[in-house]
Amino acid sequence: MASSSGNDDDLTIPRAAINKMIKETLPNVRVANDARELVVNCCTEFIHLISSEANEICNKSEKKTISPEHVIQALESLGFGSYISEVKEVLQECKTVALKRRKANSRLENLGIPEEELLRQQQELFAKVSEASLLMQEI
């Protein structure tokens, strides 16, 4: 595995994540530790290969940020075109999850209550809790 720094641990996928994937994919199969290590190294190398190729494609298109399209083009140019349909499905799932998160985060903004009013209500609740706490201490 090519590494510019001396510490390979900085550039690998966490072993726990790989172990979990192996268990989920092959629940009734025992996998030797050296085989697990090999899978970690292969995954890391694959990520380096794809990201390097995507970076080259990104640079050729005079962009500064690698986009999903650059990754898809990298898969195609490296001979992994058979994975592209699955990659596009996963990309769509990721976009859907991200959209749901954004919608959940904007609920507060869509309440129609100004931030100042929300802050006032919060301070009022804090004061009530503080008052109740003092009363409890007196008892």
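Structure first, text after, so check above.
Residues numbered from 1 in each chain as written. Predicted model: local features only at pLDDT ≥ 70, side-chain atom pairs only at ≥ 80, totals over all residues. Heavy atoms only, no water.

A.B. asks: Residues and numbers for the overall build of the chain, please.
C.D. replies: Looking only at helices and strands, the chain features five helices and zero strands. For the chain, the α and β elements follow one another from N to C terminus as α-α-α-α-α. Considering the chain as a whole, with its 139 residues, one finds that 14% of them fall into the buried category. Taking the intrachain contacts of the chain between residues at least 6 apart in sequence as the baseline, contacts between residues at least 24 apart amount to 38%. (Helix = DSSP H or I, 4+ residues; strand = E, 2+ residues; numbered from the N terminus. Buried < 20%, exposed > 50% of the residue type's maximum accessible area, 1.4 Å probe, protein only. Contact = heavy atoms within 4.5 Å.)

A.B. asks: Describe the environment of R15, naming the residues involved and giving the relevant values.
C.D. replies: Structurally, R15 can be placed in helix α1 (residues 15-25). Put simply, R15 and R36 are 21 residues apart on the chain and 8.2 Å apart in space, counted from C-alpha to C-alpha.

A.B. asks: Explain helix α2 (residues 33-60) residue by residue, including any values.
C.D. replies: Along its 28 residues, α2 runs 41 Å from first to last C-alpha, staying within 8% of the 40 Å computed at 1.5 Å per residue. Where α2 is buried, its residues meet α1 and α3 (68-77). (Expected span 1.5 Å × (residues − 1).)

A.B. asks: A description of the packing of aromatic side chains should follow, citing residues and the corresponding values.
C.D. replies: Taken as a whole, this structure holds two aromatic pairs when the rule is applied. Arranged with centres 5.1 Å apart and planes meeting at 85 degrees, the rings of F46 and F80 form a pair that is edge-to-face. One end of the pair, F46, is in helix α2; the other, F80, is in the loop between α3 and α4 (84-106), and 34 residues separate them in sequence. What makes F46 partly exposed here is its relative accessible area of 36%. On the basis of relative accessible area, F80 is assigned to the partly exposed category, the value being 22%. Ring plane angle 45 degrees and centroid distance 6.1 Å describe the contact between F80 and Y83, whose orientation is recorded as tilted. The class for Y83 is partly exposed, based on a relative accessible area of 44%. In this structure an aromatic cluster arises from ring pairing among F46, F80 and Y83. (Phe/Tyr/Trp six-rings, centres within 6.5 Å; stacked < 30°, edge-to-face > 60°.)

A.B. asks: An account of unusual backbone geometry is needed here, citing residue identities and associated values.
C.D. replies: With a phi angle near 55 degrees, E62 is a residue other than glycine that sits in the positive phi range. Here E62 lies in the loop between α2 and α3.

A.B. asks: Explain the pattern of salt bridges to me, using residue names and the numbers behind them.
C.D. replies: The full count for this structure, using the stated rule, is five salt bridges. Note that E117 is salt-bridged to R120, the shortest N-O span being 2.7 Å. Of the two residues, E117 and R120 are both situated in helix α5 (residues 115-138); the distance of three residues between them amounts to about one turn of the helix. When its relative accessible area of 27% is taken as the criterion, E117 is described as partly exposed. (Salt bridge = Lys/Arg side-chain N within 4 Å of Asp/Glu carboxyl O.)

A.B. asks: Can you break down the nonpolar core residue by residue, with the values?
C.D. replies: Among the nonpolar cores identified, the biggest contains seven residues, and these are I50, A54, I57, I72, A74, L75 and I84. Those residues within four positions of I84 in sequence are excluded, and the remaining contacts are I72, L75 and E76. One finds I13, I18, V31 and V40 within the second-largest nonpolar core, a separate group that totals five residues. (Core = buried A, V, L, I, M, F, W, Y, C linked by side-chain atoms within 4.5 Å.)

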